[in-house]
Amino acid sequence: MSDIRDEVRSGFTETFGYEPAGLWSAPGRVNLIGEHTDYNGGFVLPFAIDRRTVVALALRDDCLARVASSFADEVVEIDLTELSPDRLHGWAAYPLGVAWALGEHGADLSAVPGFDAYIESDVPVGSGLSSSAAIESAVAIALNDVWRLRLDRPELASVGQLAENKAVGAPTGIMDQSASLLGQKDSAVFLDCRSLESQIVDLGLTAAGLVVLVMDTGVSHAHATGGYAERRASCELGARMLGVESLREVSIDDLPRARTILDDVTFRRVRHVVTEDQRVLDTVRTLRESGPAAIGELLDASHRSMRDDFEISVPELDLAVETAQENGAIGARMTGGGFGGAAIALIRKDDLSRIQVAIEGAFAEHGFGLPDTFVVVAAQGASRES
Ligand code: ADP
Ligand code: MG
């Protein structure tokens, strides 16, 4: 963390020629369970991880917004009064989209001062760990502070989502930003995506001698263009045909009737969402009653549902999950939007290196690229750094 802080500070100074006024950071996230349920008004259980995006920022005397990142060569600038989704492109649509979205949430963009921002991160990009929510949330809390907007964290999550939906053009739900903004150490965020009420749930991993292993397949996913939007449309179609506002209103007992109404593909999409909602509730209950060692079968069942019913897995994700399971994992599943990215395995700490070696061996045997496997720890959500 201190490394990134130093880098972001010097990056800012080199780019803009003066010292930043402050540093703010926000983490990526792993979703423990509850996939593609968020935009269906359902339940999710992500946690913030110990990988963060840090923004160094200072206000300006004029109304220019200038953003730079260690990930990009160019400095992108725009007049705050000219911000609109159709004028934002590429990576800068994330930070500048947040500035625009704050305007939609009450900030007067013709009155607030402009800013310079430099961004540095150790959240892997495009791996399903939500580097997008990390950059949005870091910029959102920074601007909320310096513009003295006093928006609360759930509202800042909505700001990040609005930026991603409208400025970036990715039809994602509220989960990632909520995890990044609301996460707490050693805990998961149990979020009801319909009411937006959240509860912090103790994971109890350390006490149980367990860790969460991320298995990044290196297969890149693309939310804005990929199957994500198509799955979302299937869910909307299913809800419409079942006469409900969202799939949240469909229960497991309703599934036999749904099968008679829906075509096979739509039915399986609906079944994934409905059973996944129930698995999130069961996971929260099991964590509270029996601890993390008892949630393995729920994780495994979630993966099967995404592979067979929602059809968002890829061979690399299936191989990572199966290899972890065969080598003693408590449970494993792909995580994130799908079509690539990462899987997670809940494992005993002592099994770590054995499972890592087994996964690397299995990938080599199948001729897949070398996966990146690393442990993540449930960490504090977005915060001011200095
Ligand atoms: P994920 O959220 O799974 O990492 P996304 O495709 O949703 O993947 O978001 C990744 C995109 O977010 C990047 O392609 C880039 O445009 C933007 N982004 C994320 N982190 C940074 C960063 N530190 N600097 C600049 N852009 C970033
Ligand atoms: Mg993302």
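Here, every reference points to the structure presented above.
One structure accompanies this document, and this report is about it. Keep in mind the model is a prediction, meaning the values are calculated, not measured. Numbering of residues starts from 1 in each chain and follows the order in which that chain's sequence is written. Chains and ligands are labelled by the order in which they are written, letters from A for the one and numbers from 1 for the other. The predicted origin of the model limits local features to residues at a pLDDT of at least 70 and limits the giving and counting of side-chain atom pairs to 80 or more, whereas totals for whole chains, interfaces and linings rest on all residues. Water and hydrogen atoms play no part in the side-chain values, which are based on all heavy atoms of the structure.

1. Some points on the site of ligand 1
Around ligand 1 lies a shell of 17 residues, among which Ser69, Gly126, Ser130, Ser131 and Ser132 are the nearest. N or O atoms within 3.5 Å of each other form a polar contact, as long as, within protein, one can give a hydrogen and the other can take it, and as long as residues adjacent in sequence are counted only when both atoms are side-chain atoms. Ser69 has a polar side-chain atom sitting 2.7 Å from a nitrogen atom of ligand 1. Within the side chain of Ser132, one N or O atom sits 2.8 Å away from an oxygen atom of ligand 1. Calculation on ligand 1 without its partners gives an accessible area of 560 Å², and the protein chains cover 86% of this total. Secondary structure elements are defined from DSSP: runs of H or I of at least 4 residues count as helices, runs of E of at least 2 residues count as strands, and each element is numbered from the N terminus. Of all the secondary-structure elements, those providing two or more residues to the shell around ligand 1 are β6 (115–121) and α3 (131–146). Top element by residues in the shell around ligand 1 is α3. It accounts for three residues. By residue class, the composition of the shell around ligand 1 is seven nonpolar, nine polar and one charged. For this description, a residue counts as near a given molecule or strand if any of its non-hydrogen atoms is within 4 Å of it. Only the protein chains shown count as cover for residues, and all accessible areas are computed by the Shrake-Rupley method using a 1.4 Å probe. Residues are grouped as follows: Ala, Val, Leu, Ile, Met, Phe, Trp, Tyr, Cys and Pro are nonpolar; Asp, Glu, Lys and Arg are charged; every other residue, Gly included, is polar.

2. Quick word on the layout of surface pockets
Considered as a void within the structure, the second largest pocket measures approximately 210 Å³ in volume. Here a cavity denotes a set of grid points, spaced 1 Å apart and computed over the protein atoms alone, in which a 1.4 Å probe fits but from which it cannot get out, and a pocket denotes an open set meeting protein on both sides within 12 Å along at least five of seven lines; residues with an atom within 4 Å of a point are reported as lining. Lining the second largest pocket are 14 residues, with Leu205, Thr206, Leu210, Val211 and Val377 positioned closest to its centre. For the lining of the second largest pocket, a count of residues per class yields nine nonpolar, three polar and two charged. Grid points are joined across faces, edges and corners, and a volume is the space filled by probe spheres set on the points.

3. Remarks on helix α9 (residues 264–290)
The first and last C-alpha atoms of α9 sit 37 Å apart over 27 residues, in line with the 39 Å expected at 1.5 Å per residue. Downstream of α9 by a residue or two, Gly291 has a phi angle that is positive, lying close to 90°. To estimate how far a helix should extend, the number of its residues minus one is multiplied by 1.5 Å.

4. Points about the environment of Gly126
Summarising the element assignment, Gly126 is placed in the loop between β6 and α3. Placed 178 residues apart in sequence, Gly126 and Arg304 show a C-alpha to C-alpha distance of 23 Å.

5. Looking at the sheet that holds strand β8 (residues 198–202)
If DSSP finds at least two bridges between two strands, the strands pair. Pairing in this open sheet of three strands is antiparallel, and the strands run β2-β7-β8 from one edge to the other. On the outer flanks of this sheet lie β2 (43–44) and β8, each paired with one strand and no other. Note that strand β7 (residues 187–192) and β8 share five bridges and pair antiparallel. Within β8, the position partnered with Ala188 by the bridge is Val201. Across the face of the sheet, helix α5 (residues 175–182) comes into contact with β2, β7 and β8 while running at roughly 135° to β7. Here, two residues are considered to be in contact whenever any of their heavy atoms come within 4.5 Å of each other. A fitted line through C-alpha atoms represents every axis, and for helices the fit uses only the stretch in contact; the resulting angles, taken between N-to-C directions, go from 0 to 180 degrees. Its contacts with the sheet place α9 against β2, β7 and β8, and it is angled at close to 50° to β8.

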